[in-house]
Amino acid sequence: MPVNYDDLKNSVNALTHGENDLVSLMATVACEVHHSDSRFNWTGFYRVVAPELLKIGPYQGGHGCLVIPFSRGVCGAAARTGEIQIIQDVEAFAGHIACSTTTRSELVLPVHNSAGQLLGVFDIDSDLPDAFSEKDAKHLSAILAEVFQNVAGPALQS
Ligand code: SME
């Protein structure tokens, strides 16, 4: 069944209301989104931990790689540009980082707080080709903006 974004938004908001801890929020969003739709085979976050550097955060699915510089992969592109990445075919994306050989398409959204600071990226991978649409991007970015609005910006390692 495709996700019902109204239901997803309501459950995420109910679970996260009043919480401002980054990892608690990431864990809850990853869990709720992952189980909302059978297209989603890997669902999780990479956190900004140092200038131009992402490290793995809470996720659901098989293991993900631990470290992604902003210069690499779809996640790096989302962090670097601040733009949502909808990748219909991961094999056609130069520099895609293959954490799972079964992944065929991918959606990565930058995650900001209300001050506009980049907290990390939210990555959903699918084993289906061309699994993600603008509609997914629109609804998920609205959920992320609401959930992470009051989270403090990253304390960057030097
Ligand atoms: N495919 C991503 C890397 C993260 S994983 O797939 C979990 C990328 O190219 O950025």
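Heads up: the structure comes first, above all this text.
Each value, and the rule that gives it
Residues numbered from 1 in each chain as written. Predicted model: local features only at pLDDT ≥ 70, side-chain atom pairs only at ≥ 80, totals over all residues. Heavy atoms only, no water. Helix = DSSP H or I, 4+ residues; strand = E, 2+ residues; numbered from the N terminus. Buried < 20%, exposed > 50% of the residue type's maximum accessible area, 1.4 Å probe, protein only. Contact = heavy atoms within 4.5 Å. Areas by Shrake-Rupley, 256 points an atom, 1.4 Å probe, with all protein chains shown as cover. Near = heavy atom within 4 Å. Polar contact = N/O pair within 3.5 Å; in protein donor to acceptor, adjacent residues only side chain to side chain. 1 Å grid on protein atoms, 1.4 Å probe; cavity = no way out; pocket = protein on both sides within 12 Å on 5 of 7 lines; lining within 4 Å. Sits in = over half its atoms within 2 Å of the grid points. Nonpolar A, V, L, I, M, F, W, Y, C, P; charged D, E, K, R; others polar. Pairing = 2+ DSSP bridges.

I'm lost on the overall build of the protein in this one. Help?
Regarding its fold elements, the protein presents 4 helices and 6 strands. In sequence order, the protein lays out its α and β elements as α-α-β-β-β-α-β-β-β-α. In terms of overall dimensions, the protein has C-alpha extents of about 40 × 40 × 25 Å along its principal axes. Within the span of the protein, comprising 158 residues, buried residues form 44% of the whole. A separation threshold of at least 6 residues defines the contact pool for the protein, and within that pool the share at least 24 residues apart is 54%. Surface summary for the protein: the accessible area is close to 7800 Å², and the carbon and sulfur share equals 50%.

Looking at this structure, I do not really get the site of the ligand. What am I missing?
In the vicinity of the ligand, the contacting residues are Trp 42, Tyr 46, Ile 68, Gly 73, Val 74, Cys 75, His 96, Ile 97, Cys 99, Glu 106, Asp 123 and Asp 125. Between His 96 and the ligand, the recorded distance is 3.2 Å, taken from a side-chain N or O atom to a nitrogen atom. Glu 106 is positioned such that a nitrogen or oxygen atom in its side chain is 3.0 Å from a nitrogen atom of the ligand. For the ligand, whose unbound accessible area comes to 300 Å², protein coverage reaches 99%. Taking a 2 Å distance to the grid points as the criterion, the majority of the atoms of the ligand fall inside the largest pocket. Of all the secondary-structure elements, those providing two or more residues to the shell around the ligand are β1 (42-50), α3 (73-81) and β6 (118-126). Take the shell around the ligand: its biggest share by element is 3 residues, from α3. Among the residues making up the shell around the ligand, the classes are represented as 7 nonpolar, 2 polar and 3 charged.

Whenever I open this one, the environment of Asn 113 confuses me. Can you help?
Considering the arrangement of structural elements, one finds Asn 113 in the loop between β5 (105-112) and β6. Using a relative accessible area of 8% as the deciding quantity, one classes Asn 113 as buried. As a C-alpha pair, Asn 113 and Met 1 span 112 residues in sequence and 31 Å in three-dimensional space. Not counting residues within four places of it along the chain, the set of residues in contact with Asn 113 comprises Leu 119, Phe 148, Gln 149, Val 151, Ala 152 and Gly 153. Engagement of the side chain of Asn 113 in a polar contact is seen with the backbone nitrogen of Gln 117, the distance being 2.9 Å.

Would you explain the pairing of β5 in this entry?
A regular strand places its side chains so that they alternate between the two faces of the sheet. Summarising burial for β5: 7 of the 8 residues are buried, a large majority. Alignment of strand β4 (residues 85-87) against β5, held across 3 bridges, turns out to be antiparallel. Following the sheet pairing, Ile 87 is matched in β5 by Glu 106. With 8 bridges joining them, β5 and β6 adopt antiparallel strand pairing. From the neighbouring strand, Glu 106 faces β6, where its bridge partner is Asp 125. What sits between β5 and β6 in their antiparallel hairpin is a turn of 5 residues, with Gly 116 showing a positive phi close to 85°.

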